[in-house]
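As a plain string of letters, each chain reads:
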Amino acid sequence: MLNSLRHWLIRLLGGEASALVTQPELPEHHTADALHLGVANNAVDAVPHATHLVPYDENLLERARTQWQFGDWNSLAQLDRDTLQHHPDRAKLALLAAAGRLQTGNNSEAKAYIRLAQDWGVSKKIISQILIAGVHNSIACAASIGGQQQRALEHFDRAIMIGTPGSDQRLITQARINEQHRQLGLPTLTLATASATPAFAKRPTFKVTTLATHNLGDAWAGNTGTPCHHGILTYNNTQYIAFYVDTHTLRLVQRDLARDTLKTFDLPGEYNLRHTDNSISMGIDRKGHLHISYGHHATQLRYRRSINPSDIGAWTEELPMTAAAEETVMCPAFILPRHGFPLTLLYRDGIHDKGTARIKTYDEATQTWNNHPQPILSGSEQVPWASNAYWSHPAVGTDGSLHLSLVWRTHNLGEEQHNINIGYACSYDNGLTWQTSRKHPYKLPITPVNAQAIHSASTGSNLLNQTSMSLDSHNHPHIVFCVSDSDGIPQYQHLWFDGKVWHHQIVSSRTQAFNLQGGSTLQIPISRPEIVIDCHDDVYIITQGDHTGNRMVATCLPAPKFIYQTENTLSIFDQDAKLSDLIIDRTNWSKNGILTMVFQFGSQPNNDLSVSNQFGPIILIEKKFNRFQKSICLKNPYE
């Protein structure tokens, strides 16, 4: 409908109309009120000079304006040329008369009155605003008839916003809804009963565009799986995805981004899927060979690499790396080559409450791995209470720096939850030495005793054991995590560093409590959060759960103040995602500003008990976020 209007307006008004109609949502702070009582620029009502004064209704424009706001189209359609031609506001009245005729189906007369309004001095911009607002009203009425309440509210709101920007939008929108529903014979719809974000709220500052969607086939869905680092990645315009099909099959998918075509290869083996921590991580070395590590729960290292560059069809047998500290591996995370640093592996050596974080690096010339001289994180030697660090996805700066945010899990002190504190560390030499955000050097390994605690969280505070982190254009870290608020309700929270101090805010409005007490992986009503930052430093936090009706949503925190506002949350997948955790392609985001996500409609039994052989579709979705009135730019720390 909008496209048809665009072509008709271009024929009627000329090229100026094209830009107006191709962007029907006016900028948020647009100030030209199409129905303002004053005279708009280039809209002087040129009433011919007459030797005799002709009486006119002084209240006619105000009355017609109110009729337009309410949607009293029949009254507007009764305005005729004889009534208007001697009125000082005849141009605007002619336009409103045209609007009434369009809404009542008299299109031929409507076109005549639009030309009359133009001849009498109404600007092309105002004509376009009123006509576009009318299209939104028609879409809203159709949505109301079809029972699509939220869609109807959104279009009624846009009609008022475009036609009378700067007015009391909530009040006028409700009046419009009431009158249109009365005309349609439908029950009254009140804004207070609208689901999701009210349509009359302040407009979001960004929009979401879907670029691609793929169903990658059915796969293991007996539990959610821990979000893995580089379970999906992009290299040389090719995307690689890995997931478990069943206990005997690990599937690799190769996607040509230019053609959007898929190729798959199944890697046979024995895979223990009864615990969520058996994550997959992929890496690519500087000669293009793929590396993959998978299937760990404090068990022997499992690792292979591709025989040919950029090829998923042929792999080595399982190989050791250095054969040192590879007996109790968990959470492998490849860090891609950048700024002269080689392919790197960060992993945990140990169990959930007694672990050590270690680093290995790959030499392409000799096809061998090398150990870093010291572990970087450790709580395994602490007495009497051992501990382990759960780190987020390693974040890579544009200068090649490596950043970690982490949560400490202490030895089980009884029934109490035992995740504590958010910590931070940064390295500029690929993990050989580390420092705090204040550039104080760490003595390795970093432990709960000497770690910088950038946010305090005590035992029993429902702190999830994994954070997510991204860096802005200044390589300042932004971290999102979940912990209880002062009322005991777990909330998503945002930490960020401005180069001098750390800032903190809550970025969700959940109302239901839950408790993380218990062992192993628990069934909770929210996902682990993810965070990405665009080249303008706008932050996007991605979540799903009971606070969103289990829909995957993105919340934008606009730079430079990163203020959280509930209306700045938009759906990015409008289906029930159940208990899915999200895996994102950070390389494609960094290089192309495109968010590629992989998730599955999985289940999650409490404590990983009674895991059943369930299977469900693996979904790949590609999205683009665009902030209004901001240009596109790209950043890529891997170059």
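Residues numbered from 1 in each chain as written. Predicted model: local features only at pLDDT ≥ 70, side-chain atom pairs only at ≥ 80, totals over all residues. Heavy atoms only, no water.

Trainee: Explain the environment of G616 residue by residue, including any values.
Mentor: Position of G616 relative to the elements: it lies in strand β29 (residues 615-627). Judged by relative accessible area, which is 5%, G616 ranks as buried. The residues touching G616, leaving out its near neighbours within four places in the chain, are G217, D218, A219, A221 and Q600. (Helix = DSSP H or I, 4+ residues; strand = E, 2+ residues; numbered from the N terminus. Buried < 20%, exposed > 50% of the residue type's maximum accessible area, 1.4 Å probe, protein only. Contact = heavy atoms within 4.5 Å.)

Trainee: Can you explain the side chain of S461? Please cite residues and give values.
Mentor: Tracing the backbone through its elements, the reader meets S461 in the loop between β18 (452-455) and β19 (468-471). A polar contact of 2.6 Å, which involves the side chain of S461, links it to the backbone oxygen of S458. (Polar contact = N/O pair within 3.5 Å; in protein donor to acceptor, adjacent residues only side chain to side chain.)

Trainee: Please provide a residue-by-residue account of the pairing of strand β2 (residues 232-235), values included.
Mentor: Judged from the four bridges that link them, β2 and strand β3 (residues 238-246) form a sheet pairing that is antiparallel. Within the sheet, the bridge partner assigned to L233 lies in β3 and is Y240. The antiparallel pairing of β2 with β3 creates a hairpin that spans two residues between the two strands, and N236 there sits at a positive phi of about 50 degrees. (Pairing = 2+ DSSP bridges.)

Trainee: Which residues make up the packing of helix α8 (residues 124-145) against helix α10 (residues 169-184), and what values go with them?
Mentor: The axes of two packed helices give the description: the angle between them and the distance between them. Direction vectors running N to C along α8 and α10 enclose 60 degrees, while the axes themselves pass 11 Å from each other. Classified by the interaxial angle, the pair formed by α8 and α10 is oblique. Between α8 and α10 the crossing geometry is right-handed. Here N137, C141, S144 and I145 of α8 come into contact with α10, specifically with R176, Q180, H181 and L184. A breakdown of the residues in the contact of α8 with α10 according to their chemical character gives three nonpolar, four polar and one charged. (Axes fitted to C-alpha atoms, helices over the stretch in contact; angles between N-to-C directions. Parallel < 35°, antiparallel > 145°, perpendicular 65-115°, else oblique. Left-handed = near helix turned anticlockwise from the far one by under 90°. Nonpolar A, V, L, I, M, F, W, Y, C, P; charged D, E, K, R; others polar.)

Trainee: Provide a residue-level description of α10, including the pertinent values.
Mentor: An α-helix turns once per 3.6 residues; consequently, residues spaced three or four apart project the same way. With 16 residues, α10 should cover 22 Å at 1.5 Å per step; its first-to-last C-alpha distance of 22 Å lies within 8% of that length. Where α10 is concerned, the buried positions are Q169, I172, T173, Q174, A175, R176, I177, E179, Q180 and H181. For α10, the elements touching its buried residues are α3 (60-70), α4 (73-77), α8 and α9 (149-163). A positive phi of about 75 degrees marks G185, the residue just after α10. (Expected span 1.5 Å × (residues − 1).)

Trainee: Could you give an account of the pairing of strand β11 (residues 354-363), naming the residues involved and the relevant values?
Mentor: In terms of residue burial, β11 counts as a mostly covered element, since seven of its 10 residues are buried. Here strand β10 (residues 344-351) pairs with β11 via eight bridges, running antiparallel. Bridge pairing in β11 links Y347 to R358. If you look at the hairpin formed by β10 and β11, you'll find two residues sitting between the two strands. Sheet topology note: the β11/strand β13 (residues 377-378) ladder contains two bridges and is antiparallel. Along β13, the bridge assignment pairs T356 with S378. Across four bridges, the pairing between β11 and strand β12 (residues 368-371) is antiparallel. Each residue of the ladder has a partner; that of D363, found in β12, is T368. Between β11 and β12, which pair antiparallel one after the other, the connecting turn spans four residues, and Q367 there sits at a positive phi close to 55 degrees.

Trainee: Residues and numbers for the environment of L343, please.
Mentor: Turning to its location among the elements, L343 is positioned in the loop between β9 (329-335) and β10. In this structure the C-alpha to C-alpha distance between L343 and T361, which are 18 residues apart in sequence, comes to 5.9 Å. Setting aside chain neighbours within four positions, we find L343 in contact with G283, I284, D285, H291, F334, I335, L336, P337, K360, T361, Y362 and W369.

Trainee: I'd like to hear about the environment of S461, residue by residue, with values.
Mentor: According to the relative accessible area criterion, S461 is buried, its value standing at 13%. With 41 residues separating them in the primary sequence, S461 and I420 have C-alpha atoms 8.2 Å apart.

Trainee: Report on the sheet that holds strand β27 (residues 583-584), specifying residues and quantitative values.
Mentor: Sheet strands associate in pairs through backbone hydrogen bonding, adopting either a parallel or an antiparallel arrangement. Pairing in this open sheet of four strands is antiparallel, and the strands run β1-β29-β28-β27 from one edge to the other. Each edge of the open sheet carries a strand with a single partner, namely β1 (206-220) and β27. Relative to strand β28 (residues 595-600), β27 runs antiparallel, the two being bridged by two bridges. Paired with I583 across the strands is V598, a residue of β28.

Trainee: An account of the sheet that holds β2 is needed here, citing residue identities and associated values.
Mentor: Read from one edge to the other, the open sheet built from four strands follows the order β2-β3-β4-β5, with strand pairing classed as antiparallel. At either end of the open sheet lies a strand with only one pairing partner, and these are β2 and β5 (261-268). Adjacent strand axes in the sheet meet at a mean angle of 25 degrees, parallel and antiparallel pairs treated alike. As judged from the eight bridges shared by strand β4 (residues 249-256) and β5, these two strands associate in the antiparallel manner.

Trainee: So, unusual backbone geometry: which residues are in play, and what are the values?
Mentor: Here L444 and P445 are connected by a cis peptide whose omega angle stands at -5 degrees. Structurally, P445 can be placed in the loop between β17 (419-427) and β18. P560 follows A559 through a cis peptide bond whose omega is 5 degrees. For P560, the position within the fold is in the loop between β25 (552-557) and β26 (569-573). With a phi angle near 50 degrees, H339 is a residue other than glycine that sits in the positive phi range. For H339, the location among the structural elements is in the loop between β9 and β10.

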